[in-house]
Amino acid sequence: MSIYEWILEETISSEAERQVEAEVVDIDEQIDERVTEQLEEAGEPRSDQADDSTT
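Because the structure is a prediction, the values reported are computed rather than measured. Starting afresh in each chain, residues are numbered from 1 along the sequence in its written order. Since the coordinates come from a predicted model, pLDDT governs what is reported: local features require at least 70, and pairs of side-chain atoms require 80 or more to be given and counted, while whole-chain, interface and lining totals use all residues. Side-chain descriptors were evaluated using all non-hydrogen atoms of the structure, hydrogens and water having been removed beforehand.

Asker: If you had to explain the overall build of the protein to someone new, which residues and values would you point to?
Answerer: Counting its secondary structure elements, the protein contains one helix and zero strands. Each residue is assigned to one of three classes by its accessible area relative to the maximum for its type, calculated with a 1.4 Å probe on protein chains only: buried under 20%, partly exposed between the two thresholds, exposed over 50%. Residues classed as buried in the protein amount to 4% of the 55 residues present. To qualify as a helix, a DSSP run of H or I must reach at least 4 residues; to qualify as a strand, a run of E must reach at least 2; elements of each kind are numbered from the N terminus.

This is how it looks when you write it as structure tokens:
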């Protein structure tokens, strides 16, 4: 494999990784929004947004 082929392969691989990471972040944000909506409908605070005044 020439250096040019290796650079091209690494570039394509890096771009694919960035795309996958972006999709994972997007899915994670969608899940977070849905969880928040469901908790709000149930009248429950998110555990990471709960009032800590009782501690």
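Asker: Quick one: what's the story with helix α1 (residues 3–42), residue by residue and with numbers?
Answerer: Along an α-helix, residues three or four apart share an orientation, since each turn contains 3.6 residues. Here α1 contains 40 residues, and its C-alpha end-to-end distance of 58 Å stays within 8% of the 58 Å for a straight helix at 1.5 Å per residue. Two residues or fewer after α1 comes Gly-43, characterised by a positive phi angle close to 80°. The span expected for a helix works out to 1.5 Å for each residue beyond the first.

Asker: Any details on the pattern of salt bridges? Residues and values, ideally.
Answerer: Counted as salt bridges are all cases of a side-chain nitrogen of Lys or Arg within 4 Å of a carboxyl oxygen of Asp or Glu. For the structure on display, the rule yields one salt bridge. Between Glu-15 and Arg-18 there is a salt bridge, with the nearest N and O atoms lying 3.0 Å from each other. One end of the pair, Glu-15, and the other, Arg-18, are both in helix α1, three residues apart, so they sit about a helical turn from each other.

Asker: Give me the lowdown on a negative patch on the surface, citing residues and values where you can.
Answerer: Each patch is built from salt-bridge-free residues with over 30% relative accessible area, joining like charges within 9 Å and nonpolar side chains (Val, Leu, Ile, Met, Phe, Trp, Tyr) within 5 Å. Using the Shrake-Rupley algorithm and a 1.4 Å probe, accessible areas are obtained, with residue cover drawn only from the displayed protein chains. The charge count includes Lys and Arg as positive and Asp and Glu as negative, but it does not include His or the ends of the chains. Where a charge lies is defined by one atom per residue type, namely NZ (Lys), CZ (Arg), CG (Asp) and CD (Glu). On the surface, a cluster of negative charge is made up of Glu-23, Asp-26, Asp-28, Glu-29, Glu-33, Glu-37, Glu-40 and Glu-41. With respect to the helices and strands, Glu-40 occurs in helix α1. Judged by relative accessible area, Glu-40 falls into the exposed class, the value being 58%.

Asker: Explain a nonpolar patch on the surface residue by residue, including any values.
Answerer: Residues Met-1, Ile-3, Tyr-4, Trp-6 and Ile-7 make up a contiguous nonpolar surface patch of roughly 630 Å² in combined accessible area. For Ile-3, the location among the structural elements is in helix α1.

As far as function goes, none of this settles anything; it's purely spatial.
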